[in-house]
Amino acid sequence: MISFDYSPAQKFISEAEIAAIEPLITTAARLLESRTGSGPEWLGWLDLPIKYDRAEYKRIKAAAKRIRKQSEVLVVVGIGGSYLGGKAGLEFCQPTPALPIRGGRKKHFDVVFTGTNLSSDYHAQVLEAIGDRDFSVNVISKSGTTTEPAIAFRIFKQKLEEKYGKAGAAERIYATTDKAKGALKTLAAREGYESFVVPDDVGGRFSVLTAVGLLPLAAAGIDVDALMRGAADARIAYKKPFAENACYQYTALRNILKNKGKEIEILANYEPRCNFIAEWWKQLYGESEGKDGKGIFPASVTFTADLHSMGQYIQDGRRTIFETVLEIDRPQTEMLVPKSEDDLDGLNYLAGKSLDYVNKKAAEGTRMAHIDGGVPNLTIHIPEASPYYLGQLFFFFEKACAISGYMLGVNPFDQPGVEAYKKNMFRLLGK
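Attention here is on the structure that accompanies the text. (Residues numbered from 1 in each chain as written. Predicted model: local features only at pLDDT ≥ 70, side-chain atom pairs only at ≥ 80, totals over all residues. Heavy atoms only, no water.)

**Points about the overall build of the protein**
- Of the regular secondary structure elements, the protein holds 14 helices and 10 strands.
- Here the C-alpha radius of gyration of the protein, 23 Å, is about what a compact globule of 431 residues would show, namely 22 Å.
- With the C-alpha coordinates aligned to their principal axes, the bounding extent of the protein is approximately 65 × 65 × 45 Å.
- Buried residues in the protein amount to 51% of all 431 residues.
- Within the protein, residue pairs in contact and separated by at least 24 positions form 79% of the contacts whose partners lie at least 6 positions apart. (Helix = DSSP H or I, 4+ residues; strand = E, 2+ residues; numbered from the N terminus. Rg over C-alpha atoms; globule rule 2.2 N^0.38 Å. Buried < 20%, exposed > 50% of the residue type's maximum accessible area, 1.4 Å probe, protein only. Contact = heavy atoms within 4.5 Å.)

**Thoughts on the nonpolar core**
- Core analysis: the biggest nonpolar cluster contains 94 residues, and Trp45 and Phe397 have the highest contact counts within it.
- Here this core takes 12 residues from helix 13 (residues 387-408), the largest share from any one element.
- Apart from the residues within four sequence positions on either side, Trp45 is in contact with Leu32, Asp201, Val202, Phe206, Phe395, Glu398, Lys399, Ala402 and Phe413.
- Core analysis: the second largest hydrophobic core is formed by 21 residues, Val137, Phe153, Ala169 and Leu187 among them. (Core = buried A, V, L, I, M, F, W, Y, C linked by side-chain atoms within 4.5 Å.)

**Structural notes on the environment of Phe297**
- By the secondary structure assignment, Phe297 is in strand 8 (residues 297-302).
- Note: C-alpha distance between Phe297 and Gly286 (11 residues apart in sequence) is 6.7 Å.
- Leave out the neighbours within four places in its chain, and Phe297 touches Glu263, Ile264 and Glu265.

**Considerations on the sheet that holds strand 3 (residues 110-114)**
- Taken in spatial order, the five strands line up as 3-2-4-5-6 in an open sheet, and their pairing is parallel. For this open sheet the edge positions go to strand 3 and strand 6 (194-197), each flanked by a neighbour on one side alone. Between one strand axis and the next, the sheet turns through 20° on average, direction left out of account.
- Looking at chain direction, strand 2 (residues 73-77) and strand 4 (residues 135-140) are connected through five bridges and run parallel. The residue bridging Val73 from the neighbouring strand is Phe135, located in strand 4. (Pairing = 2+ DSSP bridges. Axes fitted to C-alpha atoms, helices over the stretch in contact; angles between N-to-C directions.)

**Observations regarding empty space enclosed by the protein**
- Under the definition given, this model contains two cavities of 30 Å³ or more.
- The space that makes up the largest cavity amounts to roughly 90 Å³.
- The wall of the largest cavity is formed by Tyr270, Glu271, Leu326, Glu327, Ile328, Asp356, Asn359, Lys360 and Ala363.
- Elements with a contribution of two residues or more to the lining of the largest cavity: strand 9 (321-330) and helix 12 (355-372).
- Top contributing element to the lining of the largest cavity by residue count: helix 12, with four residues. (1 Å grid on protein atoms, 1.4 Å probe; cavity = no way out; pocket = protein on both sides within 12 Å on 5 of 7 lines; lining within 4 Å. Points joined across faces, edges and corners; volume = space filled by probe spheres on them.)

**Observations concerning the sheet that holds strand 9**
- Spatial ordering of the open sheet is given by 1-10-9-7-8, a layout of five strands whose pairing is mixed. Looking at which strands have only one partner, the edges of the open sheet turn out to be strand 1 (3-5) and strand 8. Taking each pair of neighbouring strands and ignoring which way they run, the sheet shows an average axis angle of 25°.
- Strand direction decides the pairing type here: strand 7 (residues 264-269) and strand 9, joined by six bridges, are parallel. Bridge pairing in strand 9 places Ile266 opposite Glu323.
- Its contacts with the sheet put helix 13 on strand 7, strand 9 and strand 10 (377-384), and the angle it makes with strand 10 is roughly 150°.

**Some details on the pattern of salt bridges**
- Evaluated as defined, the whole model comprises 26 salt bridges.
- Measuring nitrogen to oxygen at the nearest pair gives 3.2 Å for the salt bridge that ties Asp110 to Arg133. Remark: Arg133 occurs in the loop between helix 4 (120-130) and strand 4 and Asp110 occurs in strand 3; sequence separation between them is 23 residues.
- Judged by its relative accessible area of 3%, Asp110 is buried. (Salt bridge = Lys/Arg side-chain N within 4 Å of Asp/Glu carboxyl O.)

**Considerations on the packing of helix 1 (residues 15-34) against helix 13**
- Packing of helix 1 against helix 13 brings their axes to within 9 Å, and their N-to-C directions diverge by 110°. Classified by the angle between their axes, helix 1 and helix 13 sit roughly perpendicular to one another. Contacts from Ile21, Leu24, Ile25, Ala28, Ala29, Leu31, Leu32 and Glu33 of helix 1 reach helix 13 at Lys399, Ala402, Ile403, Tyr406 and Met407.
- Residues that form the contact of helix 1 with helix 13 fall into these classes: 11 nonpolar, no polar and two charged. (Parallel < 35°, antiparallel > 145°, perpendicular 65-115°, else oblique. Nonpolar A, V, L, I, M, F, W, Y, C, P; charged D, E, K, R; others polar.)

**A few points about the environment of Ile173**
- Take Ile173: it is sitting in strand 5 (residues 173-177).
- Judged by its relative accessible area of 1%, Ile173 falls in the buried class.
- Along the primary structure Ile173 and Glu191 are separated by 18 residues, whereas in three dimensions their C-alpha atoms are 9.6 Å apart.
- For Ile173, the contacting residues outside a window of four places in its chain are Val137, Val139, Phe153, Lys157, Leu160, Tyr193 and Glu194.

**Details of the packing of aromatic side chains**
- According to the stated counting rule, one finds 22 aromatic pairs in the structure shown.
- For the ring pair Trp45 and Phe413, a centre distance of 6.4 Å and an interplane angle of 45° mean the geometry is tilted. Here Phe413 lies in the loop between helix 13 and helix 14 (419-429) and Trp45 lies in the loop between helix 1 and helix 2 (54-70), a separation of 368 residues in the sequence. The pair Trp45 / Phe413 is uniform in exposure class, with both members buried.
- Between the aromatic rings of Tyr406 and Phe413, the centroid separation amounts to 6.3 Å while the plane-to-plane angle is 85°, which identifies the pairing as edge-to-face.
- Taking the relative accessible area as the measure of exposure, Tyr406 reaches 11% and is therefore buried.
- With relative accessibility at 5%, the residue Phe413 sits in the buried group.
- An aromatic cluster is defined as three or more aromatic residues linked by ring pairs; in this entry it consists of Phe4, Tyr6, Tyr238, Tyr250, Trp280, Trp281, Tyr285, Phe394, Phe396 and Phe397.
- Here the basic side chain of Lys87 rests over the ring of Phe276, its NZ or CZ set 5.1 Å away from the ring centre.
- One cation-aromatic arrangement involves Arg172 over Tyr164; the distance from NZ or CZ to the ring centre is 4.0 Å. (Phe/Tyr/Trp six-rings, centres within 6.5 Å; stacked < 30°, edge-to-face > 60°. Lys NZ or Arg CZ within 6 Å of the ring centre and 35° of its normal.)

The structure is reproduced here in structure tokens:
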């Protein structure tokens, strides 16, 4: 199981403070489990690892196989919760280079995400990278009217119809949307797109274990059975009493630190495969906690790269931050530091040692320095980068986020603030 270590923060938190907050965490968790807290209509994710539509799940896996057979590229169109979970899972399990598509590798299946921005350059580059390769589209939107993905879908739908004709394009478009209403649902029914459901009781940022995340991940060849199994095991584990519950402990520690003026949480990692886990986490916590003038501000860094940019601020800047470090215990590959005959860089003392060993010592040294600099550190240990532990991690953060929202006294499942910019944008565009 994923484990949580708060011993590096013991300099900043007493056992008495943990004992004092424990009953508050337990009460908030009880509100969640009994569905008597704020936003009970959005709690479908809570039992999703075991209560899901088996028939649709079977269709998802069948569609994934068909996509891989008919195409070399899957273009996923979505924004926010409609793409971050799938992108996070893909990058965690199958890290890709910085380029959006590995063009030229004819037999390699690629998944690329669009509709996340309004950049003409980005979308033109994606089209160029696809080139003459066969591709399919998975458009994800509850309504079908969100500006960024709706525009992107128009672009890629047009490209599909130019390449395969209207009927051929319809066979390559997969819609993940509302089960009964909305623009995308109407279009899918009219054009004959295979469609999958965004459940009514699951909000976008909690939707990764629905078709929203499962179809792109299955199409990429990721074992979604293991993903769901990990989440199901987490669901059981995170109902245990506080002393045995890593989820409750993480929630408690971050709230104690907030009450001490640590109002910024930095999610840090030492593996680039965790970059989009952090992006997914930032949306989850930012939209859930950031309301009514409350909430811990979620930020992220990837070390050791960001030690050469953000390291100075973390070490010596304003003391309003704490770090939660994602640490993967076992790497998928072992790479040794080679020996150099002239040793001009002075690194022969590391020759023969694994790069992972060096990486973990960098993490240990950084933790010691930051603690000495007044930055509390928490650590979430992930045994290995596999779909099973990814499922655990998704559920771990989702449940901790919901309980934290209740601790703050806010509804963690609404997001009234996101409409403000849209009103201004539509007015400026002349809508």
